[in-house]
Amino acid sequence: MKLTSSLVIAALLNLCCSAYTDDPIDFVRDVRPIFDKHCIHCHGAAKQRSGFRLDVKSEAIKGGNTFQPAIIPGKADESPMIHLVTGKNKDLVMPPKGERLTEKEIKALSAWINSGAKWPAGVDRLKLENKRNHWSFQRLSTPEVPRPAQEAWPRNGIDRFILARLEKEGLAPSATADRATWLRRVTFDLTGLPPTPDQVQAFVNDQRPDAYERVVDELLRSPRYGERWAQHWLDVVRYADTHGYEVNTERPNAWPYRDYVIDAINKDTPYDRFVKEQLVGDAMGKDAATGFLVTSSVLLPGQIGADEPSKRLARQDAIDEIVINVGQTFLGLSIGCARCHDHKFDPISQRDYYAMQGFVAGVEYEDRPLQTLEAVAARKAIAEANAAIAEIDQQLARLVPLARSGVKRPMLNARMNVERFTPVKAKRLRLTIHATNNLEPCIDELEVFDSKGKNVALVSAGTKPTASGSTTVADRHELRFVNDGVYGNSRSWMADRTTGWITLEFTEEQMIDRVVWSRDREGKFTDRLATNYVIEVSIRDDKWMVVADSSDRVIFDASNGSAQTFSTDGLSKDEKQESTKLLAQRKVLERKVKQSNVALVAFAGLFRKPDVIRLLSRGDPEQPKDEVSTAIPEVFGKTNLAKDASEQQRRLALAEWIASPENPLTARVIVNRLWQGHFGTGLVDTPSDFGWNGAKPTHPELLDWLANEFIRNGWSMKHIHRLIVLSATYRQGSRINASAQAKDADDRLLWRFPSRRLEAEAVRDSMLFVSGQLNLQMGGRGFDLFDKRGGLTGFKPIETLTKQSRRRMIYAHRVRRERDGVFGAFDCPDYGQSTARRRESTTPLQVLNLFNSSFTFDAAKTFAERIEREAGTNRTASIRHAYLLALGRDASADEIADASKVVSDYGLPVLCRALFNCNEFLYLP
């Protein structure tokens, strides 16, 4: 009888274990020494390869990433541990290097498992801390506001917590900053721009008891506030206007999400609603808000391998990015770390991770038509304008000079080409394309008109199309679309090579006199346009007659875009007058379409039936295990969600849980981000990691007090801003105290205001602002920083400023992996990864860029012109005005003396460049 390998192993194990039946196996005496000798080096406290450890009972029994459980009490022959040490799996022999287990040691392990794998309590050398007991997973506490000894200093609850800790550490707060310093600080913090000299003077002289409050309220009402704080948010969610990866193609409709964030922050949208709108805005009248779900990089369908494994991996990566974004943005958790194995630090299992995937398993990275009232109205108006343009095109087509009439006729454009000829009888018509302006020819509609002006080519009239080889893309490029009466690239025919032909066969002979076709009647594409072609007609199968060709055409110049190129040569006086009138009407309509500034579509995700989510061994889509139900991580409780819940219901359930006051993380995470925005470092200095591997809060009671205050006040971010910037803590000066610095070098206890450098965007915007160039136009498509909007490499910075490129930097077209040529040196993120906190480096490149770039030269020149325009040509007056505009203060006598020599020797623009480079301009006071 031939035994299987498993039966052989089982038999051997039974024999091996018989030696231990008389002498009961003891874990401490017989088993643990084996673990210590062979296993603990890779599976102990210092290191846990494959997520498996053998120094703690609970972890050893549970198993690792590859096998769960690793030990099956009473069944040594079925336990993966025994399979590994006996070499049953040749690819996973343990230990992989060094001395293998002896036969006696394997007998001992097998006997121990068969006897029940008894592991006495209290013998572990290490006691694991319960991962669920972490401070951030506990409900918000309601701490009592301290009563520090120095009662005169605090202005609100924040100060009492800060001062109590300072007193405990033997420290004291710094003196209050002067009014001008505080105003510059708070104006930059809330708007990202400096105060004007008039604002400084007015505040310094304002003796009303609520002067500070008035300033803060005015700043929070400013639309500049939303632009400033949206920048912080977009850093976290890694917003960009390209798709990323190596191909890095443009994402042209991403900007409505950016505009949504700015608008929501300006309106002080309650944060719980702000969260919900970004997860399920399609159910809340905020379509663009769900752009949050798809802000990360993604491979487009044409960039993924054609094989099914590649598609499954790409889909898994796409969903993973959404889970990562949700986890780190709203919850401050690295949930994505559990994709391949249980989280190494936090109580999030691999099953929890895939259960979270279920909430977003129906989200696709695509554009979605917006359903806002503005979008619906604009879409209707544009459709009506395009229909009117198409009608005018038809009327113009009647006025095109006859083919072969001796008149050189221009191709109209990619919207429509017209060939008019002497009426001829035909049963069939053939258009043969010999060349295009580039790539394979594409036709979105081929029309043939009889002498009465009726289109006889329509499939609804029974006309049958045939063609040479076609590039077939389902529901986009198919032969059946070439005469279906629907315009646009999405309903077109495309040849499979650079030449091609189409034949239309009518149901009966027709008297025809005109052929009209378009590359893209909607005017979005100007490539693939026929430049060398022939039109023939036939009554019988074997005879074809040429009625028109491209020989008397001026080739369309795609560089002119969709500009109308209609020639009146060869027309009668009446025809010229009629065409001139039609062209004027057309120009008005085209301008209406082009100037529409309402977002019609947004890269905000498409929603479909959710994928079935399975737990994947090692995160590999090719190793699926059992199906996983949609749920929140087990550590936070249970999810009341039906298994057959719709795609939208799933996202709604996720949103309701995250935005609940009972969620222990949501409020803590956002108030910490707000705190960081004002002091440079959060109370928790790992703002997107509130787990075990993150930092502990310096003031845990203050963090919970702020979170409770936040919720009590309607989740208002502006309320928290007011509390912070009106506190005595925020009003402190930034002068360094040597003794305090010796105790708290990083100023984590806030014994002074921590001065810090402005972000790149604030530096750039401020240079434009003080030079009088800043364009405050809000919203819309981003302006270009580079000569192209996407691609592999070769991005050349645009150095010539236009009105559009003088807008605030938040409105720039963001290209992943490409930083701005000048201000990118100031630690701008590359938008590939979430940037919860920007690092602050100091490099020679920053100085070189800020002193020698064409941007700085232009700004300094314009700044100097503004100074002379407002202060006259008197040198001292000019210097004083320059200091007021750039630094918000008067120049000292020494500064005037030094600056006078610079202006005398090198001119006022050089002084302006120097002011742009000084620390006082670049740093918050």
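Residues numbered from 1 in each chain as written. Predicted model: local features only at pLDDT ≥ 70, side-chain atom pairs only at ≥ 80, totals over all residues. Heavy atoms only, no water.

Caption draft 1: The arrangement of the overall build of the protein chain in detail. Within the protein chain one finds 30 helices and 16 strands. C-alpha extents for the protein chain along the principal axes are approximately 110 × 105 × 50 Å. A burial count over the protein chain gives 53% of its 925 residues as buried. When contacts within the protein chain are restricted to residue pairs at least 6 apart in sequence, those whose partners lie at least 24 apart make up 73%. Where the 130 positive side-chain charges of the protein chain centre and where its 122 negative ones centre are 0 Å apart. (Helix = DSSP H or I, 4+ residues; strand = E, 2+ residues; numbered from the N terminus. Buried < 20%, exposed > 50% of the residue type's maximum accessible area, 1.4 Å probe, protein only. Contact = heavy atoms within 4.5 Å. Lys, Arg positive; Asp, Glu negative; His and termini not counted. Charge placed at Lys NZ, Arg CZ, Asp CG, Glu CD.)

Caption draft 2: How the structure looks around the packing of helix α11 (residues 223-237) against helix α19 (residues 666-679). At their nearest, the axes of α11 and α19 sit 11 Å apart, and the two run at 120° to each other. It follows from the interaxial angle that α11 and α19 lie oblique. In this structure, α11 meets α19 at a crossing whose hand is right-handed. Here W229, W233 and V236 of α11 come into contact with α19, specifically with I670, R673, L674, G677 and H678. Class assignment of the residues belonging to the contact of α11 with α19 gives a composition of 5 nonpolar, 2 polar and 1 charged. (Axes fitted to C-alpha atoms, helices over the stretch in contact; angles between N-to-C directions. Parallel < 35°, antiparallel > 145°, perpendicular 65-115°, else oblique. Left-handed = near helix turned anticlockwise from the far one by under 90°. Nonpolar A, V, L, I, M, F, W, Y, C, P; charged D, E, K, R; others polar.)

Caption draft 3: Structural view of the environment of E445. The topology assignment puts E445 in strand β6 (residues 445-450). Given a relative accessible area of 1%, E445 falls into the buried group. Distance from E445 to V261, taken between C-alpha atoms, is 40 Å for residues 184 residues apart in sequence. Those residues in contact with E445 that sit more than four places away from it in its chain are L458, F481, V482, N483, D484, G485, V486, Y487, V516, W517 and S518. Looking at E445, its side chain comes within polar contact range of the main-chain nitrogen of D484, at 3.4 Å. (Polar contact = N/O pair within 3.5 Å; in protein donor to acceptor, adjacent residues only side chain to side chain.)

Caption draft 4: Quick peek at unusual backbone geometry. The omega torsion across M94 and P95 is -10°, close enough to zero to call that bond cis. One can find P95 in the loop between α5 (80-86) and α6 (103-114). With a phi close to 55°, D268 is a non-glycine residue in the positive phi region. Of note, D268 is situated in the loop between α12 (255-266) and α13 (271-280). Looking at D268, the relative accessible area reads 18%, which means it is buried. One non-glycine residue, L439, lies in positive phi territory at about 65°.

Caption draft 5: Focus on the packing of aromatic side chains. Throughout the structure, instances matching the rule amount to 35 aromatic pairs. Between the aromatic rings of W135 and F690, the centroid separation amounts to 5.6 Å while the plane-to-plane angle is 45°, which identifies the pairing as tilted. Of this pair, W135 sits in the loop between α6 and α7 (157-168) while F690 sits in the loop between α19 and α20 (700-712), and the two are 555 residues apart along the sequence. Given the relative accessible area of 21%, W135 is considered partly exposed. The class of F690 is buried, set by a relative accessible area of 0%. With a centroid separation of 5.7 Å and 85° between ring planes, the pair formed by F137 and F636 is classed as edge-to-face. With F137 in the loop between α6 and α7 and F636 in the loop between β16 (624-627) and α18 (647-658), this pair connects stretches of sequence that are 499 residues apart. (Phe/Tyr/Trp six-rings, centres within 6.5 Å; stacked < 30°, edge-to-face > 60°.)

Caption draft 6: The arrangement of the nonpolar core in detail. The biggest cluster of nonpolar side chains holds 121 residues, and the ones touching the most others in it are Y271, L279, F330 and W675. If we skip the residues at most four places from it in the chain, Y271 touches W233, F330, T666, I670, F710, W715 and M717. Among the nonpolar cores identified, the runner-up in size contains 41 residues, and L758, A760, F863 and L915 belong to it. (Core = buried A, V, L, I, M, F, W, Y, C linked by side-chain atoms within 4.5 Å.)

Caption draft 7: The side chain of R368, seen in detail. Here R368 shows up in strand β2 (residues 368-369). Residue R368 is classed as buried on the basis of its relative accessible area of 9%. Reaching out from R368, the side chain makes a polar contact with the backbone oxygen of A604 at a distance of 2.8 Å. Leaving out residues up to four positions away in the same chain, R368 has contacts with D282, D287, T290, L600, V601, A602, A604, G605, L606 and F607.

Caption draft 8: Region of the structure containing the pattern of salt bridges. In total, this model carries 62 salt bridges according to the counting rule given. Here D342 ties to K62 by a salt bridge, and the two come within 3.8 Å at their closest N and O atoms. With D342 in the loop between α14 (308-331) and α15 (350-357) and K62 in helix α4 (residues 57-62), this residue pair connects regions lying 280 residues apart in the sequence. You can call D342 partly exposed: its relative accessible area is 22%. With relative accessibility at 34%, the residue K62 sits in the partly exposed group. The closest approach of N and O atoms between R889 and E920, which form a salt bridge, is 2.5 Å. You can see R889 sitting in the loop between α27 (875-887) and α28 (893-906) and its partner E920 sitting in helix α30 (residues 919-922), a full 31 residues away along the chain. The partly exposed category is assigned to R889, whose relative accessible area is 25%. Salt bridges sharing common partners tie together R224, E227, D765 and R808. (Salt bridge = Lys/Arg side-chain N within 4 Å of Asp/Glu carboxyl O.)

Caption draft 9: Just α13, in detail. Of all 10 residues in α13, 9 are buried; the element is thus mostly enclosed. Listed in full, the buried residues belonging to α13 are Y271, D272, F274, V275, K276, E277, Q278, L279 and V280.

Caption draft 10: View of the packing of helix α25 (residues 844-852) against helix α26 (residues 854-871). Where α25 contacts α26, the two axes come as close as 5 Å, and the packing angle between them is 45°. When the axes of α25 and α26 are compared, the pair comes out oblique. Residue-level contacts link N849, L850, F851 and N852 of α25 to S854, T856 and F857 of α26. Here the residues of the contact of α25 with α26 are counted per class, giving 3 nonpolar, 4 polar and no charged.

Caption draft 11: Molecular detail of the pairing of strand β11 (residues 545-549). Across 4 bridges, strand β10 (residues 530-538) lies against β11 in antiparallel orientation. Bridge pairing in β11 links V537 to M545. Once β10 ends, the chain turns through 6 residues before running back antiparallel as β11. (Pairing = 2+ DSSP bridges.)

Caption draft 12: Focus on the environment of Q773. You can see Q773 is positioned in the loop between α24 (760-770) and α25. We classify Q773 as buried; its relative accessible area is 10%. Aside from chain neighbours lying at most four places away, what touches Q773 is L768, R806, D858, A859 and T862.

Caption draft 13: Structural view of the state of the cysteines. Taken as a whole and judged by the stated rule, the model has 0 disulfides. C337 provides the cysteine sulfur closest to C340, a residue in no disulfide bond, and the two sulfurs are 9.7 Å apart. Residue C340 is classed as partly exposed on the basis of its relative accessible area of 32%. (Disulfide = S-S within 2.5 Å.)

Caption draft 14: Layout of the side chain of H699. Take H699: it is sitting in the loop between α19 and α20. Filtering out sequence-adjacent residues up to four positions away, H699 remains in contact with F161, I162, R165, L683, R748 and L749.

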